[in-house]
Amino acid sequence: MATIKGVSSFSAEQEAQALRKAMKGFGTDEDAIIEILTKLNVSQRQQVLITYKSSIGRVGDLQRLATVALTGRRRQFLGYITWVKCEQRPRLHDSKDLIDDLKSELSGNFERVIVGMMTPTTMYDVHELRRAMKGAGTDEGCLIEILASRTNEEIRRINENYQLQYGCTLEEDIVSDTSSMFRRVLVSLTTGNRDEGTYVDDALAQQDAQCLYEAGEKKWGTDEVQFMAILCTRNRCHLLRVFDAYRGIANKDITDSIKSEMSGDLEDALLAVVKCVRNKPAYFAERLYKSMKGLGTDDNTLIRVMVSRSEIDMLDIRREFLTMYGKSLYSFIKGDCSGDYRKVLLRLCGGED
């Protein structure tokens, strides 16, 4: 169940005006921005974005430039100068949209959460996948998380929008940025070709379990292709039966076999597939826990999971988190983050357990 459900009736015009008021003049009312955007769902936020653009536009950039200069906000001032100098932005009298205004007023991880919330669900995944491959190094965890957890229809929409946005296919970027069997698993997941039915053939489940055993535990070396062929294509109900049968054959859980037979990114990818098949909220609870435990915070993962799951299954994730770790997700976020960043994440979390 979701923590962000939207409001039953709202005025996009009123919310757009309220956001404008929160950003107008000297200083920004971050609390008002959090309050407005966390009560709306992503569809309603898109309506506000459209209304903001059409009915409000924005204060002229010359006026904003003067305001920024007078208040000493050096980073934003230099940003505006760069726009003009490079001629990569509309001219100073042009109007901008809500996301541009939010970016100019906010910063850091708080800005990233707010912009993520303002991005349509599929495009958010598209942007995250692109960031994972085109930034400094490859964020394999992001690639695995998104591709292992989304439905066939979600994968189809991601593929379609990725190509429209970047002029190349998601598969092409994955092939150029990853390698070996890990690449083959990601490409397989990118096809969105998993059987999503519920039919279970007991004989085939037993056969699949035996094949997995013979591909790993029973032989010297590992036939990774056999693991990929079964884990990335069979339906959830069938795989749950396969996992039960596998335990009977191998006297160990399928995850233990993957850990002993695989390593690195390939191991992480296949474990993610198994975990998502078994209990997707528990998988995301683990992702959140690992993003915050120990020294430092994996903000990329924390932000992505909180933004992407808040309208899907955040309540379920909270329940699994409490069961698995003995502490609430709310308390973990409260202890690990600070400022407006913490405030908005706690609103996405939805409350204490």
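For clarity, every value in this text was computed on a predicted model and none was experimentally measured.

What exactly am I supposed to notice about helix α9 (residues 140-149) here?
For an α-helix, 3.6 residues make a turn, and residues three or four places apart therefore share a direction. Across the 10 residues of α9, eight count as buried, placing the element largely inside the fold. Those residues of α9 that sit buried are Cys 142, Leu 143, Ile 144, Glu 145, Ile 146, Leu 147, Ala 148 and Ser 149. Packed against the buried residues of α9 are α8 (121-134), α10 (152-166), α11 (170-177), α12 (180-190), α17 (264-292) and α18 (299-309).

What exactly am I supposed to notice about the side chain of Arg 318 here?
Following the sequence through the fold, Arg 318 ends up in helix α19 (residues 314-325). Arg 318 sits in the buried class, given a relative accessible area of 6%. Non-local contacts of Arg 318, meaning those with residues more than four positions away in its chain, are made with Thr 3, Leu 329, Cys 349, Gly 350, Gly 351, Glu 352 and Asp 353.

Would you mind showing me how to read the pattern of salt bridges here?
Two side chains of opposite charge can pair, provided their charged atoms sit close to one another. This model, assessed by the stated rule, comprises 26 salt bridges. Among the salt bridges present, the one from Asp 173 reaches Arg 130, with a minimum N-O distance of 2.8 Å. Pair noted here: Asp 173 is in helix α11 and Arg 130 is in helix α8, with a separation of 43 residues, a long-range link. In this structure Asp 173 comes out as buried when scored by relative accessible area, which is 5%. Of the charged contacts, one joins Glu 286 and Lys 290 as a salt bridge, the two residues approaching to 3.0 Å between their closest N and O atoms. Of this pair, Glu 286 and Lys 290 both sit in helix α17, four residues apart, which is roughly one turn of that helix.

Which parts of the structure should I look at to understand empty space enclosed by the protein?
Here the idea is plain: a probe the size of a water molecule rolls over the atoms and shows the empty space left. The tally for this structure, following the rule as stated, stands at one cavity of 30 Å³ or more. The computed volume of the largest cavity comes to approximately 80 Å³. Considering the residues around the largest cavity, the lining is formed by Thr 121, Thr 122, Asp 125, Arg 150, Glu 154, Arg 157, Ile 158, Ser 308, Arg 309 and Ile 312. Contributions of two or more residues to the lining of the largest cavity are made by α8, α10 and α18. Residues belonging to the lining of the largest cavity are distributed by class as follows: two nonpolar, three polar and five charged.

Parameters at a glance
- Residues numbered from 1 in each chain as written.
- Predicted model: local features only at pLDDT ≥ 70, side-chain atom pairs only at ≥ 80, totals over all residues.
- Heavy atoms only, no water.
- Buried < 20%, exposed > 50% of the residue type's maximum accessible area, 1.4 Å probe, protein only.
- Helix = DSSP H or I, 4+ residues; strand = E, 2+ residues; numbered from the N terminus.
- Contact = heavy atoms within 4.5 Å.
- Salt bridge = Lys/Arg side-chain N within 4 Å of Asp/Glu carboxyl O.
- 1 Å grid on protein atoms, 1.4 Å probe; cavity = no way out; pocket = protein on both sides within 12 Å on 5 of 7 lines; lining within 4 Å.
- Points joined across faces, edges and corners; volume = space filled by probe spheres on them.
- Nonpolar A, V, L, I, M, F, W, Y, C, P; charged D, E, K, R; others polar.

It is worth stressing that arrangement in space is one thing and function is another; only the former is reported here.
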